[in-house]
Amino acid sequence: MGQDWTNARLLAHSGDAYMKTGLAVYIFAITEDMKDARAFSSLDGDMLIIPQQGALDIQTELGNLLVRQNEIAVIPRGIRHRVTLPTGQARGYICELFQGHFRLPELGPIGSCSLANVRDFQIPVAAFDGTLQNGRACGNNRQWQIVSRFGGRLFSCTQGHTPFDVAAWNGTYYPYKYDLARFCVLGSALYDHPDPSLFTVLTAPSYREPGTGVVDFAIIPPRWNVMENTYWLPYYHRNTMTEFSGPIISNQDESCKWNQGLEFQPYGASVASAMACHGASNGEHIKAGDQATEPQKVGTEGFTIFLLETECPLSISDWAIQEFQVDGQTSGILHKTRPSL
Ligand SMILES: [Fe+2]
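Throughout this document, residue positions are counted from 1 along each chain, in the order its sequence is written. Where local features are concerned, this predicted model is filtered to residues with pLDDT of at least 70; where side-chain atom pairs are given and counted, the filter is 80 or more; whole-chain, interface and lining totals use all residues. No hydrogens and no water enter the side-chain calculation; it runs on all heavy atoms of the structure.

As recorded by an unreviewed UniProt entry, the protein carries the name homogentisate 1,2-dioxygenase and is attributed to Exophiala bonariae. UniProt positions are given in the numbering used here, feature names are shortened, and annotations may be inferred rather than shown by experiment. Listed under Pathway (unreviewed entry) in UniProt, the entry text for the protein is "Amino-acid degradation; L-phenylalanine degradation; acetoacetate and fumarate from L-phenylalanine: step 4/6."

Undergrad: Explanation requested: the packing of aromatic side chains in the structure shown.
TA: Here a Phe, Tyr or Trp ring, Trp counted by its six-membered ring, pairs with any other such ring whose centre lies within 6.5 Å, and the pair is stacked when the planes are under 30 degrees apart, edge-to-face when over 60, and tilted otherwise. The tally for this structure, following the rule as stated, stands at 13 aromatic pairs. Ring centres of Tyr 93 and Phe 244 lie 5.8 Å apart, and the angle between their planes is 70°; this geometry places the pair in the edge-to-face category. One end of the pair, Tyr 93, is in strand 9 (residues 90–97); the other, Phe 244, is in strand 19 (residues 242–249), and 151 residues separate them in sequence. Of the two residues, Tyr 93 and Phe 244, both sit in the buried class. Here the aromatic residues Phe 121, Trp 169, Tyr 174, Tyr 176 and Tyr 178 are joined through ring pairs into a cluster of three or more. In our convention, an over-ring charge means Lys NZ or Arg CZ found within 6 Å of a ring centre and within 35 degrees of that ring's normal. Positioned above the aromatic ring of Tyr 26 is the side chain of Arg 149, whose terminal nitrogen or guanidinium carbon lies 4.0 Å from the ring centre. Helix numbering and strand numbering both begin at the N terminus, where a helix is a DSSP run of H or I of at least 4 residues and a strand a DSSP run of E of at least 2. Residue exposure (1.4 Å probe, protein chains only): buried if accessible area is under 20% of the type maximum, exposed if over 50%, otherwise partly exposed.

Undergrad: Explain the pattern of salt bridges here, please?
TA: Oppositely charged side chains can form a pair if their charged atoms are brought close together. Throughout this description, the term salt bridge denotes a Lys or Arg side-chain nitrogen within 4 Å of a carboxyl oxygen of Asp or Glu. Under the counting rule described, the total for this entry stands at nine salt bridges. Among the salt bridges present, the one from Arg 38 reaches Asp 4, with a minimum N-O distance of 3.1 Å. Linking Arg 38 in strand 3 (residues 38–42) with Asp 4 in the segment before strand 1 (9–16), this pair joins segments that are 34 residues apart in sequence. Like Arg 38, the residue Asp 4 is buried in the burial classification. Measuring nitrogen to oxygen at the nearest pair gives 2.4 Å for the salt bridge that ties Arg 208 to Glu 311. Pair noted here: Arg 208 is in the loop between strand 16 (200–205) and strand 17 (213–220) and Glu 311 is in the loop between strand 22 (303–310) and strand 23 (315–316), with a separation of 103 residues, a long-range link. Among the charged side chains, a network of salt bridges with common partners joins Arg 68, Glu 71, Lys 177 and Asp 179.

Undergrad: Honestly, the coordination of the iron ion in this entry has me stumped. Any pointers?
TA: Each pair of donors in an ideal octahedron of six around a metal sits at 90 or 180 degrees, and each pair in an ideal tetrahedron of four sits at 109.5 degrees. Donor atoms from the polypeptide that bind the iron ion are His 237 (NE2), Asn 239 (OD1), Glu 243 (OE) and His 278 (NE2), placed at 2.0 to 2.5 Å. The coordination sphere of the iron ion comprises four donor atoms, whose angles at the metal cover 84 to 169°; the geometry is irregular. For Na, K and Ca the donor cut-off is 3.2 Å, and for all other metals it is 2.8 Å, counting N, O and S atoms only; because water is absent from this set, sites may look incomplete. Mapping the donors of the iron ion onto the primary sequence gives the spacing H-x1-N-x3-E-x34-H. Residue His 237 is found in the loop between strand 18 (223–225) and strand 19, and its partner His 278 is found in the loop between strand 20 (269–272) and helix 1 (282–290); the two are separated by 41 residues along the sequence. Given the relative accessible area of 13%, His 278 is considered buried. Angular criteria define each label, namely tetrahedral for four donors with all angles between 85 and 135 degrees, square planar for four and octahedral for six donors with opposite donors over 155 degrees apart and remaining angles between 65 and 115, and irregular for whatever fails these tests.

Undergrad: Quick question: what am I supposed to make of the UniProt feature "binding site: Fe cation" (unreviewed entry) in the protein here?
TA: Residues given the UniProt feature "binding site: Fe cation" (unreviewed entry) here are His 237, Glu 243 and His 278. With the annotated positions falling across 42 residues, the maximum pairwise C-alpha distance of 12.2 Å places them together in a single cluster. Examined against the element boundaries, Glu 243 turns out to sit in strand 19. Here Glu 243 falls in the buried class, since its relative accessible area comes to 11%. Contacts are residue-level and defined by heavy atoms, with any inter-residue pair within 4.5 Å sufficient. Beyond its immediate stretch of four places on either side in the chain, Glu 243 contacts His 237, Ser 270, Val 271, Ala 272, His 278, Leu 308 and Glu 309. Not counting the four nearest positions on each side in its chain, His 278 is found in contact with Tyr 235, Tyr 236, His 237, Asn 239, Glu 243 and Ala 272.

Undergrad: Can you walk me through the environment of Trp 258 in this structure?
TA: If you trace the backbone, Trp 258 turns up in the loop between strand 19 and strand 20. For Trp 258, a relative accessible area of 8% corresponds to the buried category. Remark: the alpha-carbon pair of Trp 258 and Gly 152, spanning 106 residues in sequence, is separated by 32 Å. Each polar contact in these results corresponds to two N or O atoms within 3.5 Å; when the atoms are within protein, one needs to be able to donate a hydrogen and the other to accept it, and residues that are neighboring in sequence are counted only if both atoms are side-chain atoms. Looking at Trp 258, its side chain comes within polar contact range of the main-chain oxygen of Glu 301, at 2.4 Å.

Undergrad: Sorry, what's going on with the UniProt feature "binding site: homogentisate" (unreviewed entry) in the protein here?
TA: According to UniProt, the feature "binding site: homogentisate" (unreviewed entry) maps to His 278 in the numbering used here. Among the polar contacts made by the side chain of His 278, one reaches the side chain of His 237 at a distance of 2.8 Å.

Undergrad: Which parts of the structure should I look at to understand a nonpolar patch on the surface?
TA: Residues Tyr 18, Met 19, Leu 43, Phe 150 and Phe 155 make up a contiguous nonpolar surface patch of about 520 Å² in total accessible area. Structurally, Leu 43 is set in the loop between strand 3 and strand 4 (46–53). Patches here: salt-bridge-free residues with over 30% relative accessible area, like charges joined within 9 Å, nonpolar side chains (Val, Leu, Ile, Met, Phe, Trp, Tyr) joined within 5 Å. Throughout, the Shrake-Rupley method with a 1.4 Å probe supplies accessible areas, and for residues the shown protein chains are the sole cover considered.

Undergrad: Looking at this structure, how should I read the pairing of strand 3?
TA: Within a regular strand, the side chains alternate between the two sheet faces. Taking burial as the measure, the five residues of strand 3 include five buried ones, the bulk of the element. Neither face of strand 3 is exposed, since Arg 38, Phe 40 and Ser 42 on one face and Ala 39 and Ser 41 on the opposite face are all buried. By the bridge criterion, five bridges tie strand 3 to strand 13 (residues 144–150) in an arrangement that is parallel. Each bridged residue has a counterpart across the sheet, and for Ala 39 the counterpart in strand 13 is Ile 146. Pairing between strands is defined by DSSP: at least two bridges between them are needed.

Undergrad: Explain the environment of Pro 205 to me, please; I cannot follow it from the model alone.
TA: By the element assignment, Pro 205 lies in strand 16. Spatially, the C-alpha atom of Pro 205 lies 30 Å from that of Ala 90, the residues being 115 residues apart in sequence. Excluding residues within four positions of it along the chain, Pro 205 makes contact with His 101, Arg 103, Thr 212, Gly 213 and Val 214.

Here is the structure:
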């Protein structure tokens, strides 16, 4: 049976949408356009959409967004939208933020630019679903079904007019997209390994204390590693943040082996709970110790690792525990080659 945008499944969550605290992480694996005259919105929070493979054509109340592989999109709470598939099936993750909004991180001593720059975010223009008749805008009105997520559950209602009836808009509450290839990576220029927070694309501050976030969305994209007689892998460590991570395919070439479904475990994701040990594997550690310490381009395999780092403890959903296998070796990776959504 086919799956559409409304069939995303909960992987993990923290807090409570009713109390507007915390977040949820969903996975989607969709094979079908949303049915005609059917729209969706989350009343629980802003949706950060992270495609892993495939493109999403998103018609929103405020205009259209074509979100390709290696791009992300944010749709604010309550903005109705309809998702279709311009290039076939698509899969990926959604981080649903129950409190506050995503924004760019403070750059501190970095200064005025780098990481994700404001100029690279793309915002839709109004796309009215209708026609001009004698100078009047007339919507393509018919019976629509509106599906809404509220408290993690889906509800639906019907209305006799199109939800995409905005002819023009201005304001500060809008959907947007960002091409991750435009991220200006910063790193050490001599030795040592900066904290992965340096790779933050978007953050949702919690304001509990300076520098803390409900969630930081970070990516580890292709970059130069500069090493001078130093060990360049992240230290094996524990930290107070909970880390949810997974791969997204950055190579958009259809002939790329990742896009052919080869040698890639597409639904692999991992959770490192607060104060749980994590880091490079023993094999990676040995390899890193043996390799020459000279500048090298890394992360060129055609996929990028993303991180959702949250100060909130994440609970894995019953569905995820039931459907996914736990690799009990050392990695704690939740994986399954195909989801049974
Ligand atoms: Fe960590």
